[in-house]
Amino acid sequence: MSRSVVYARRAAATVALGVLAVGCQDTAREETARTGAAPPSPTAPASAAPSPSPVATTAANTVEVCREVDQLILAGSRRIATDSAASVTRDLTGEQVADQLRRNLAGLADDVRAQARRAADPEIRALIQDTADRIDAGSRASRPAAWMDSTFTAIPPKLTRECRA
């Protein structure tokens, strides 16, 4: 078995775990958006002064854009995992697997970039544009499966932390 195929399988497994993690985090974000309040933190100290509402200071479409980017990352991850698994049954060479992964990543970057253009909040727009640029870098990587293992897996947690209203 070639090294590229091994990397592709590892990438598929990594992506599958990332999809599961993002799916769980996305549910918490949707609950926050629906109720307007973050779930209580067991380690957060009590505060006497009310904190300013983040909803009042962010653009109206931030929640929608962030949710759409999450969905794009999930769908792209599933597509990559499915294509990587299918490549084994089609007996693709390592370079063919890498090319397929590059195409998937380039398409995902384009989709994410389109969401960046929609974002009304300049900080969210910059965050999503940076995400698209990072994914695009993976599409140009000489070893995209290794890039998936080292870089792609960090993207969903960063979006969960920073892309919010």
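Everything here concerns the structure above.
What you see is a predicted model; the values in this text were computed from it and never measured.

What follows concerns the overall build of the chain. Check the secondary structure of the chain and you find seven helices and zero strands. The secondary structure elements of the chain, listed N-terminal to C-terminal, are α-α-α-α-α-α-α. Looking at the chain as a whole, 38% of its 165 residues qualify as buried. A separation of at least 24 residues holds for 77% of the contacts in the chain among residues at least 6 apart in sequence.

Right, let's talk about unusual backbone geometry for a bit. Backbone geometry at D91 places phi at a positive 55 degrees, although glycine is not the residue there. With respect to the helices and strands, the residue D91 is situated in the loop between α3 (62-89) and α4 (94-118). The class for D91 is exposed, based on a relative accessible area of 65%.

Once that is clear, we can look at the packing of aromatic side chains. For the structure on display, the rule yields one aromatic pair. Between the aromatic rings of W147 and F152, the centroid separation amounts to 6.0 Å while the plane-to-plane angle is 50 degrees, which identifies the pairing as tilted. With relative accessibility at 10%, the residue W147 sits in the buried group. Owing to a relative accessible area of 3%, F152 belongs among the buried residues under this scheme.

The next subject is the environment of E68. Inspection of the secondary structure puts E68 in helix α3. Accessibility expressed as a relative area gives 32% for E68, which makes it partly exposed. For the pair formed by E68 and V112, sequence separation is 44 residues and the distance between their alpha carbons is 8.6 Å. Beyond its immediate chain neighbours, meaning those up to four positions away, E68 contacts Q115 and R118.

Let us now look at the state of the cysteines. Following the criterion strictly, the structure yields one disulfide and no others. A sulfur-sulfur distance of 1.9 Å marks the disulfide that ties C66 to C163. An S-S torsion of about -90 degrees defines the bridge between C66 and C163 as left-handed. One end of the pair, C66, is in helix α3; the other, C163, is in the segment after α7 (155-162), with 97 residues separating them in the sequence. Judged by relative accessible area, which is 1%, C163 ranks as buried.

Parameters at a glance
- Residues numbered from 1 in each chain as written.
- Predicted model: local features only at pLDDT ≥ 70, side-chain atom pairs only at ≥ 80, totals over all residues.
- Heavy atoms only, no water.
- Helix = DSSP H or I, 4+ residues; strand = E, 2+ residues; numbered from the N terminus.
- Buried < 20%, exposed > 50% of the residue type's maximum accessible area, 1.4 Å probe, protein only.
- Contact = heavy atoms within 4.5 Å.
- Phe/Tyr/Trp six-rings, centres within 6.5 Å; stacked < 30°, edge-to-face > 60°.
- Disulfide = S-S within 2.5 Å.

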